Amino acid sequence: MNKIFNLSSERIFIAGAYGMVGKALFRTIEKINPKPIILAPSRSDLDCSKADDVYDWFKRNKPTVVIIAAAKVGGILFNSKNPADFILDNLKIQNNLIEASWRFGIKRLLFLGSSCIYPKLCNQPIKEEYLLTGSLENTNEYYAIAKIAGIKLCEGLRRQYGFDAICLMPTNLYGKGDNYDPLQSHVLPAMVKRIFEAKINNFKEVKCWGTGKPRREFLYVDDLADACIFCLERFMPSKDFYANDESIYLNIGTGKDLSIRELAEIISLEIGFKGRIIWDSSKPDGTPQKLLDISRIKALGWQAKTSLKDGIKKSILDFERRYI
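What this report covers is the structure whose coordinates are included nearby. (Residues numbered from 1 in each chain as written. Predicted model: local features only at pLDDT ≥ 70, side-chain atom pairs only at ≥ 80, totals over all residues. Heavy atoms only, no water.)

### Some details on the pattern of salt bridges
Point 1. Counted by the stated rule, this structure contains 21 salt bridges.
Point 2. The salt bridge involving K72 is made with D89; its shortest N-O contact spans 3.9 Å. Of this pair, K72 sits in the loop between β3 (65-68) and α3 (76-81) while D89 sits in helix α4 (residues 83-103), placing them 17 residues apart in sequence.
Point 3. K120 is paired through a salt bridge with E137; the nearest N and O atoms lie 3.3 Å apart. Taken as a pair, K120 in the loop between β4 (108-112) and α5 (141-161) and E137 in the loop between β4 and α5 lie far apart in primary sequence, 17 residues in all.
Point 4. A relative accessible area of 29% means that K120 is categorised as partly exposed.
Point 5. Here E137 falls in the buried class, since its relative accessible area comes to 5%.
Point 6. Within the structure, one salt-bridge network assembled from shared partners comprises K3, E233 and R234. (Salt bridge = Lys/Arg side-chain N within 4 Å of Asp/Glu carboxyl O. Helix = DSSP H or I, 4+ residues; strand = E, 2+ residues; numbered from the N terminus. Buried < 20%, exposed > 50% of the residue type's maximum accessible area, 1.4 Å probe, protein only.)

Shown next as structure tokens:
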């Protein structure tokens, strides 16, 4: 599909520029020729949870395109123990950024959601229209509700005022710059850390949460960054998107999933760990399966480039460089 929007001459504000997704976006945007101007304030430069600071920053720096990758994120344990923080912090961050973008006349806004917005017990693969058709997974519902609110705010602004906001719903992300903190990390980086440490310490077994039966889809973070740029340049919902049975959000994934047990086996093989994986079934599994239907983004001409095996190899190398 041909470009409908040229990013080369824009001032692109990456909110959350120093997280895993933000850094991947920075790497990807720098490849655009001619290069756009990238605005990437650190948290010490801009606290997105404070509305006055956000408005003042927009006034001084005059972005023309905004990508919202800023969010409070974490795995099952961190979500379960901090529900108020997850909903309150994320609502503040995204509401401030989305409203400021609209009020300052930003040309295009991209809000990044998450596949956890969909009901726990969905038909598989999960289509965009399944949003709000059932109950959420209770271990991350506060985060999910905040993300749903962000999508609906973008929808409302487009519908009422014609504000050009789009949203992407990525599946489980991993890759360079991931968070390996045992209390805050997601399943794949947590496994990389745990299994790597077992290997170098000659442990005979590793304990992992749950039964290993749930199925998950994983997307390498640089592929998401590529999808963001692709959609900013090519995805334009119609003005009357409700009447045309469209949405302003697209699923982003690989279209392939595997069990958590299979994931542990692949990571063990790549790391060279020959011990046993012990599954602690007293810990929660989360959603039984979460595979996204990516037919809409594929119809536009985009698909992921990084295989899971290659992505895991890159993640292991990244972990070694940062922590060993």
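Structure shown, so let's carry the discussion forward.
### Describing the nonpolar core
Point 1. By size, the foremost hydrophobic cluster in this structure holds 76 residues, and its most contacted members are F13, F58, L97, L109, Y118 and I297.
Point 2. Top element by residues in this core is helix α7 (residues 221-234). It accounts for nine residues.
Point 3. Contact partners of F13, with chain neighbours within four places excluded, come to L39, P41, L46, W57, F58, P63, V65, V66, I67 and L97.
Point 4. Counting 23 residues, the second largest nonpolar core, distinct from the first, contains V192, I271, I312 and I316. (Core = buried A, V, L, I, M, F, W, Y, C linked by side-chain atoms within 4.5 Å. Contact = heavy atoms within 4.5 Å.)

### Structural notes on helix α10 (residues 308-323)
Point 1. Between the first and last C-alpha of α10 there are 22 Å, a value that for 16 residues agrees with the 22 Å anticipated at 1.5 Å per step.
Point 2. All buried positions along α10 are accounted for by G311, I312, S315, I316, D318 and F319. One side of α10 holds all its buried residues, which, seen down the axis, span an arc of 165 degrees. (Expected span 1.5 Å × (residues − 1). Arc of directions from axis to C-beta.)

### Some points on the packing of helix α6 (residues 187-200) against α10
The description of two packed helices rests on the angle between their axes and on the distance between the axes.
Point 1. Remark: α6 packs on α10, axes separated minimally by 10 Å, with the N-to-C direction vectors making an angle of 60 degrees. The pairing of α6 with α10 is recorded here as oblique in orientation. Of the two elements, α6 crosses α10, and the hand of that crossing is right-handed. Where α6 approaches α10, its residues L188, V192, K193 and F196 are matched on the opposing element by L308, I312, I316, F319 and E320.
Point 2. Looking at the contact of α6 with α10 residue by residue, the class counts come to seven nonpolar, no polar and two charged. (Axes fitted to C-alpha atoms, helices over the stretch in contact; angles between N-to-C directions. Parallel < 35°, antiparallel > 145°, perpendicular 65-115°, else oblique. Left-handed = near helix turned anticlockwise from the far one by under 90°. Nonpolar A, V, L, I, M, F, W, Y, C, P; charged D, E, K, R; others polar.)

### Some details on the sheet that holds strand β11 (residues 258-259)
Point 1. The strand order across the open sheet formed by three strands is β11-β8-β13, and the pairing between neighbours is mixed. Two strands close off the open sheet at either side, each with one partner strand: β11 and β13 (289-290).
Point 2. Bridge count for strand β8 (residues 215-216) against β11 is two bridges, and the pairing is antiparallel. Bridging across to β11, R215 finds its partner in S259. (Pairing = 2+ DSSP bridges.)

### Some remarks on the pairing of β3
Point 1. Going residue by residue along β3, you find V65 and I67 tucked away on one face and V66 and I68 tucked away on the opposite face as well.
Point 2. Note that strand β1 (residues 11-15) and β3 share four bridges and pair parallel. Pairing of F13 across the sheet is with V66, part of β3.
Point 3. In terms of strand pairing, β3 meets β4 through four bridges, oriented parallel. Along β4, the bridge assignment pairs I67 with L110.

### Section: the packing of aromatic side chains
Point 1. One pass over the full model with this rule turns up 11 aromatic pairs.
Point 2. Taking the centre distance of 6.4 Å and the plane angle of 80 degrees together, the rings of Y174 and F218 count as edge-to-face. One end of the pair, Y174, is in strand β6 (residues 172-174); the other, F218, is in strand β9 (residues 218-220), with 44 residues separating them in the sequence. In this structure, Y174 and F218 share a single accessibility class: buried. (Phe/Tyr/Trp six-rings, centres within 6.5 Å; stacked < 30°, edge-to-face > 60°.)

### Thoughts on the sheet that holds β4
Point 1. Reading across the sheet, the six strands line up as β2-β1-β3-β4-β5-β10 and stay open at both edges, with parallel pairing between neighbours. A single partner strand is all that each edge strand has here, and the edge strands are β2 (37-39) and β10 (249-252). Between one strand axis and the next, the sheet turns through 20 degrees on average, direction left out of account.
Point 2. For β1 and β2, the ladder comprises three bridges, and the chain directions are parallel.

In short, shape yes, function no, at least from these values alone.
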